[in-house]
Amino acid sequence: MKPKLFSPELKKGSIELLILSLLEARPRHGYEIGKLIEARSGGELQFRISSLYPTLCRMEKKGWIKGRWVEKEGQRRRCYYRLTQRGGEALAEQRESWSKFVAAIHRVIETSRA
Amino acid sequence: MRDWLGYVREHLCLSELDPCREEKIIQELASQLEDAYREYLSAGAPEPETDARARRHVTDWDQLTRDLIREEGANMGPPIDRWLEQSEQTARRKGPRWFLLGDFWQDLRYTLRAFRTSPAFFLVSVLTLGLGIGASIAIFSVIEAVLLRQLPFPEADRLVMVWHSDVDKGNAFPLSGPDYYDWKGESTSFEDLGVYVIRRANLSGDASSERAQSVLCTAGILKALAVEPSMGRLFLEEEERPGADRVALLSDNLWKNRYGADRDIVGSSILINGESYSVIGVMPSDYEFPIPVWNESRQPEIFLPLTVDRENPGRNSNWLFSYGRLRGGLTTEDAEKELQAIAARLAEAYPDTNTGTTARVIPLHEGLVRGVSQSLWIIMGSVGLLLLIACANVASLLLARGSSRQAEVAIRASMGAGRWRLTRQLLTESLVLAAAGGTLGVLLGVWGVDILRQTIPANVPRITGLQIDGSVLLFSVGVTLLTAVLFGLIPAYSRSQVDTIQALQEGGRSQTAGRHRARFLGGLVVIQVALSLVLANGATLMLKSYLNVTASPELLSPERVLIAGISLEGPAYESRESKAAFWTLFLEKLENLPGVEHVGATTGLPLGSFSNASVLVGDEPFDPTARGNWASVTWVTEDYFHAVGIPLLSGRTLGRQDETGEQIGVVVNRSLADRFWPGESALGKRLRGSSSPPWFDAKIVGVVDDVRQWGLELPLQAEIFFPFNLFSREERWMVVRCTISPLSLVPLIREELASIDRNVAMSAVRTGVDLYDDAAAGRRFRTWLFGLFALAALALVSSGVYGVLSYHVVERRHEIGVRRALGAETHRVLTWILSRGLRLCLLGIGFGLAGVWATARITESMLYQVSSTHPLSIIAVGFFLTIVALVASLIPALKATSVDPVTVLRSE
């Protein structure tokens, strides 16, 4: 079955958290981030380059991530992003907010069903 | 496979962003699209499909552009940016032949954007260039008006000055009446030849009396100059003859100011020197009678025919200045040879008066500006030095700025831009800077010309024509282009040479490029210091010369002395007795005015008396072949010395008794007494005129102190003072010493003068202090100008040293951090940076000394009683430059001490 795409608003609110969490483990290049989101979400979340890249720019301007051109042996030159200290703090903050948000939503909808 | 880089560049337009940032975004998007493409291809999809799938990652390029601009926080650029972009695209669409123009628009766009992100750099550079270019334009406009512009007469290259000259020493002096007639009669080299003298004329009549500058000239002078009056006609030769109708030509200025621009003035009568003259014409408004700089006369208001007696005064009275127009095809050398042959014949025919004299002919333009041309060219050279300092300053700014833009240049190089393309883009930056600097320079030049017009000494010839005209603007364009090349070429070539990989690695630093740049920058500072030393040393020496020139005015309390010029012209004052009567009555009336201590009159004031004569000392026989003893000659009243403030050293001043008898009484100055009677008293000694028979026989009755006669800077002359009433010359000077403000007496004096004769006026009213001020005006102006150049140079040097050391600190930040981490104390870091500034300064001083020595001969001509290699001046200037350099080095040095080693090392 063709995976359903979530509404743009939902995706917009979560994209920064997604990127930050993916960069927590190690630096990644832009296309890799998009592919990883799609893979880990089981295809539920798909971001085109045109929507992902401006977000990367915004986050870099905020100082949460830092891009750097790297040329590895046998590979083309790519811009790899890494998490900064500020980005780590933002990630922790957003994780907490997101957990609280999801928990709050859950309480409302479960209570309504009950 | 698709060229993804070209594909992104074609669709994405981020001209509002910094060029470096724009390139990064383009490269990254292209990289991601290529990743997508390769992924789809490796999954086995056919090529057209993978291409389409990759392209679908971005369907709305406009939206992406907006999103990126928003995220980057950039604003839409100014209209000029968008216009340049459209121009570039238009040019490129036209085809390959227009690519160069397209490249130029692109370069211009990048340049303007780059300057918008560095407004401080742009402003400082433009101000620096504007200063140098503006000064060059202002001074060149003076050069152009005085030295380069053709004289405003038809075929001006045929106009010449004609002089008598010593055969042995070559000194030039005016013609005598008889010699003038003989030269004119026998010579065939001239189309027209005439003579003139400058006098004052008393204008009276319905309006108040006025003393106006006049030229008395023969018809040949005005014919030679070949300028027709705007109304009426020029003189005729018959109007020069004694008894001819009295006619006059007016200047346009006088016609407008005194006669209300009366259109019927031609043919009407006006009162000049109490006599009626018929106005025959009015000269054009832009007419300028050629007057040499040493004459120090203003432009004439009236032109009157000059009657030159063939016999009287004789051949030993040289009082006529001569201009002529050569016949077509003849040179000044041809005319000079001919006149010298005639002079030789006259020397044989009149050995008593003409032995040892010959003729000299020089181009009129050269004769007019002799005395100022060398000074002007030296000033132009100094401005050139200032401009070079400004160029070196901006070049160092560009070079220092280059290091922070290495990545941008590297990106362009990595994208295929060749070295020439990069150099062209960087040269465009220089051209834009130069154009902005040149525009500011023109504005500053216009302002400078305005100031010069008001401050430049009035006796500089042709200065009334000072303006910014076509040739000055052409010069501005030339100077602007030259500065662009001078300050732009080396930095552009240096910056276009970039190690791409090193420059693109973050934190990477090209050690070699940094060292080269540092060496260049250091070299530029050394050049600036060297040139500044030459300028500042010149300014210091000029100041010393000015102080020498104006030190110790010889007159006692000149601020209490009032001076005014009075001319007794016309039939009422033809005889010596009538003049004597006027002056006796006038001086008596002045003595009775309140506050007046002493009154006197003279034919020649201190610092401005140019009459001299050859004298026989004691019983020395007259020898026409001998050089003779020359002395300045002046006629003065009894109380003149007390009035003007010349101390009497021995004997007495002149009295009535000295005017008569076989031997008249004269007073001499100390120089004459010491020269002819060293170690003994000159009182009672004999002096006679060097002629046969002697034109005077005198006994010395008094000796006064020396006062410079021929200006402040020419050597002191031996001087003889004759009794006032013995001379019949019309122009005299009134001198009044008072206990109150001298100028407050002027209205009263005018009243007394009018009560004696309403047709006589006085002019050139000033105090004794003004006498010195006026005499020093030229030197004061030059000193002020050089001082200004030196100050500007020092300001540029200090900013240059500051800039270079700031760059040095930034470049060496890592090294400083390491040194601090290894335990280097604050004072050691401070000393390290300060010593670099000091080293550059000392090296510059070394080269500057060579410059001072090389220009010593040129500078010498501008100085007075001080050597161009005066050690004290060089030491003082060198010391001052060192202080300036150290102070300029202080802020960067203090910044270096604030470098945090932890931050620096962590960031690496």
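Residues numbered from 1 in each chain as written. Chains lettered and ligands numbered in written order. Predicted model: local features only at pLDDT ≥ 70, side-chain atom pairs only at ≥ 80, totals over all residues. Heavy atoms only, no water.

## Focus: the overall build of chain B
How we decide: Secondary structure counts use DSSP, requiring at least four H or I residues in a row for a helix and at least two E residues in a row for a strand, with both numbered from the N terminus. We compute the radius of gyration from the C-alpha atoms alone; for a globule the expected value is 2.2 Å times N to the 0.38, where N is the number of residues. To sort residues, take the accessible area from a 1.4 Å probe on protein chains only and compare it with the maximum for the residue type: under 20% means buried, over 50% means exposed, and anything in between is partly exposed. To be clear on the numbers: accessible area is Shrake-Rupley with a 1.4 Å probe, and residue cover counts the displayed protein chains and nothing else.
What chain B contains, in helices and strands, is 29 helices and 22 strands. By the compact-globule yardstick of 29 Å for 908 residues, chain B is too spread out, its C-alpha radius of gyration being 38 Å. Each of the three principal axes of chain B carries a C-alpha extent, and together these read 135 × 65 × 55 Å. Here chain B holds 908 residues, and the buried ones make up 54% of them. When the accessible surface of chain B is split by element, carbon and sulfur atoms take 56% of a total near 39700 Å².

## Some details on the overall build of chain A
Cut-off, in case you're wondering: Throughout, a residue-residue contact means that at least one pair of heavy atoms, one from each residue, lies within 4.5 Å.
Scanning chain A from N- to C-terminus turns up four helices and three strands. Ordered by position in the sequence, the α and β elements of chain A form the string α-β-α-α-β-β-α. Counting all 114 residues of chain A, 38% fall into the buried class. The long-range share in chain A, meaning contacts at least 24 apart out of those at least 6 apart in sequence, stands at 54%. A total of about 7200 Å² of accessible surface is found on chain A, and carbon and sulfur atoms cover 54% of it.

## Things to note about the interface of chain A and chain B
Inclusion rule: The term buried area refers to how much accessible surface (probe radius 1.4 Å) is lost by two components on association, counted for both of them together. Salt bridge, as applied in this entry: a Lys or Arg side-chain nitrogen positioned within 4 Å of an Asp or Glu carboxyl oxygen. Here a polar contact means two N or O atoms within 3.5 Å. Within protein one must be a hydrogen donor candidate and the other an acceptor candidate, and residues neighboring in sequence count only if both atoms are side-chain atoms.
Contacts between the two partners involve 23 residues from chain A and, on the opposite side, 27 residues from chain B. Taken over both partners, the interface formed by chain A and chain B buries close to 2200 Å², and the fraction arising from carbon and sulfur atoms is 51%. Ranking the residues of chain A by area buried against chain B places Y31, I49 and Y53 of chain A at the top, with a combined share of 31%. Counting every contact that joins chain A to chain B gives four salt bridges. In this structure, the salt-bridge partner of R21 of chain B is E60 of chain A, at a minimum N-O distance of 3.7 Å. Our enumeration of links across chain A and chain B arrives at 10 residue pairs in polar contact (both at pLDDT 80 or more). For the side of chain A that touches chain B, the secondary-structure elements that each account for two or more residues are α2 (30-40), α3 (49-62), β2 (65-71) and β3 (77-83) of chain A.

## Quick word on the packing of helix α25 (residues 813-821) of chain B against helix α26 (residues 826-854) of chain B
How two helices pack is summed up by the angle between their axes together with the distance between the axes. Residue and element names in this part refer to chain B. Selection criterion: The axes used here are C-alpha line fits, helices contributing only the stretch in contact, and every angle between their N-to-C directions lies in the interval 0 to 180 degrees. An angle below 35 degrees is treated as roughly parallel, one above 145 as roughly antiparallel, one from 65 to 115 as roughly perpendicular, and anything else as oblique. When the near helix sits turned anticlockwise from the far one by under a right angle, the crossing is termed left-handed; a clockwise turn instead gives a right-handed crossing. Amino acids are sorted into nonpolar (Ala, Val, Leu, Ile, Met, Phe, Trp, Tyr, Cys and Pro), charged (Asp, Glu, Lys and Arg) and polar (every other residue, Gly among them).
Across the interface, α25 lies against α26 with an axial gap of 10 Å and an inter-helix angle of 150°. On the basis of their axis angle, the class for α25 and α26 is roughly antiparallel. The interaxial crossing formed by α25 with α26 has right-handed handedness. Each of E815, I816, R819 and R820 in α25 lies in contact with α26, whose residues at this interface are T826, V829 and W832. Taken together, the residues of the contact of α25 with α26 sort by class into three nonpolar, one polar and three charged.

## Examining the packing of aromatic side chains
Threshold: Between the rings of Phe, Tyr and Trp (Trp by its six-membered ring), a pair exists once the centres lie within 6.5 Å; its type follows the angle of the planes, with under 30 degrees stacked, over 60 edge-to-face, and the other angles tilted. By the criterion adopted, a ring carries a charge over it if an Arg CZ or a Lys NZ lies within 6 Å of its centre and within 35 degrees of its normal.
Here the structure, examined in full by the defined rule, presents 30 aromatic pairs over all chains. Centroid distance F781 of chain B to W784 of chain B: 5.8 Å. Interplanar angle 35°. Geometry classified as tilted. Remark: W784 of chain B and F781 of chain B occur in helix α24 (residues 768-811); sequence separation between them is three residues, near one turn of the helix. The class for F781 of chain B is buried, based on a relative accessible area of 9%. Among the aromatic residues, ring-to-ring pairing joins F153, W163, Y196, Y287, F289, F303, F321 and Y323 of chain B into one connected group. Sitting over the ring of W69 of chain A, R77 of chain A keeps its end group 4.4 Å from the ring centre.

## Examining the environment of R263 of chain B
All names here are of chain B. Its place among the elements puts R263 in the loop between α10 (252-257) and β7 (269-272). Expressed as a C-alpha distance, the spacing of R263 and P594, which sit 331 residues apart in the sequence, is 46 Å. Apart from residues no more than four positions distant in its own chain, R263 is found in contact with M231 and W255.

## As for the sheet that holds β2 of chain A
Selection criterion: One requirement defines pairing of two strands: DSSP has to find at least two bridges between them.
Taken in spatial order, the three strands line up as β1-β3-β2 (chain A) in an open sheet, and their pairing is antiparallel. Each end of this open sheet is capped by a strand with a single partner; those strands are β1 (28-29) and β2 of chain A. With two bridges joining them, β1 of chain A and β3 of chain A adopt antiparallel strand pairing. The residue of β3 of chain A that forms the bridge with R28 of chain A is Y81 of chain A. Contacts from helix α2 (residues 19-42) of chain B reach β1, β2 and β3 of chain A within the one sheet, and its direction differs from that of β3 of chain A by about 100°.

## Points about a nonpolar patch on the surface
As a reminder, the rule being used: Every patch collects residues that have over 30% relative accessible area and no salt bridge, joining them within 9 Å if they carry like charges and within 5 Å if they are nonpolar side chains (Val, Leu, Ile, Met, Phe, Trp, Tyr).
A surface patch of nonpolar side chains, amounting to about 540 Å² of accessible area, comprises W98, F101, V102, I105, V108 and I109 of chain A. As for its position among the elements, V102 of chain A is in helix α4 (residues 85-113).

## With respect to the confidence of the model for chain A
Quick note on the threshold: As a per-residue measure, pLDDT reflects the predictor's confidence and takes values from 0 up to 100.
For chain A, per-residue confidence averages 85 on the pLDDT scale, and residues scoring 70 or more make up 88% of the total. Within chain A, no element has a lower average pLDDT than helix α1 (residues 8-25) of chain A, which sits at 84, and none a higher one than β1 of chain A, at 93.

## Quick word on helix α1 (residues 4-11) of chain B
Residue and element names in this part refer to chain B. Put simply, the rule is: To be clear, the arc concerns the directions from the helix axis to the C-beta atoms.
Buried residues of α1: W4, Y7 and V8, and no others. For α1, the arc enclosing every buried residue in end-on projection is 95°, short of the 170-degree limit, so these residues lie on one face. Here the buried face of α1 lies against α2, α3 (47-55) and α4 (61-72).

## Describing the environment of L440 of chain B
Residue and element names in this part refer to chain B. Considering the arrangement of structural elements, one finds L440 in helix α16 (residues 419-455). Assessed through its relative accessible area of 23%, L440 is described here as partly exposed. Apart from the residues within four sequence positions on either side, L440 is in contact with V126, L127 and G130.

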